[in-house]
Amino acid sequence: MAQVKIGWYQIEENWLSDGTIDVAISDRRTNELVAFQIDNLEDYDKVIQFLDTNRQIGVLSQLNVANGN
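Residues numbered from 1 in each chain as written. Predicted model: local features only at pLDDT ≥ 70, side-chain atom pairs only at ≥ 80, totals over all residues. Heavy atoms only, no water.

## Overview of the sheet that holds strand β1 (residues 2–6)
Paired through their backbone hydrogen bonds, the strands of a sheet run either parallel or antiparallel. The antiparallel open sheet is built from four strands, whose spatial order is β1-β2-β3-β4. A single partner strand is all that each edge strand has here, and the edge strands are β1 and β4 (32–38). If you compare each strand with its neighbour and ignore which way they point, the axes differ by 20° on average. Pairing geometry for strand β2 (residues 9–15) and strand β3 (residues 21–27), over seven bridges, is antiparallel. Directly across from E12, in β3, lies its bridge partner A24. Against the sheet, helix α1 (residues 41–53) makes contact with β1, β2, β3 and β4, and its axis sits at roughly 170° relative to β2, the strand it touches most. (Pairing = 2+ DSSP bridges. Helix = DSSP H or I, 4+ residues; strand = E, 2+ residues; numbered from the N terminus. Axes fitted to C-alpha atoms, helices over the stretch in contact; angles between N-to-C directions. Contact = heavy atoms within 4.5 Å.)

## Section: the environment of S26
In this structure, S26 sits in strand β3. As a C-alpha pair, S26 and L60 span 34 residues in sequence and 7.9 Å in three-dimensional space. Setting aside residues up to four positions removed in sequence, S26 forms contacts with W8, Y9, Q10, E32, L33 and L60.

## Some details on the pairing of β4
Summarising the sheet, β3 and β4 pair through seven bridges and their orientation is antiparallel. Considered in β4, the bridge of D27 is made with E32. Where β3 folds back on β4, the antiparallel hairpin that results is connected by four residues, among which N31 adopts a positive phi of roughly 65°.

Okay, here's the thing in structure tokens:
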């Protein structure tokens, strides 16, 4: 398991042997938390890029909806 910080977001990721990635992202300002599984590296890169360009409060709920949670 690895931890990464992007701005206010803390990301915990667990890379599984089947190529999927378990991800939990929290916003340290609001304690909002979303967790989901990503199927491939390309989708993981899209999530990271989204977080890097969208740092306003409430963004995690948009990401949660986009991932079907």
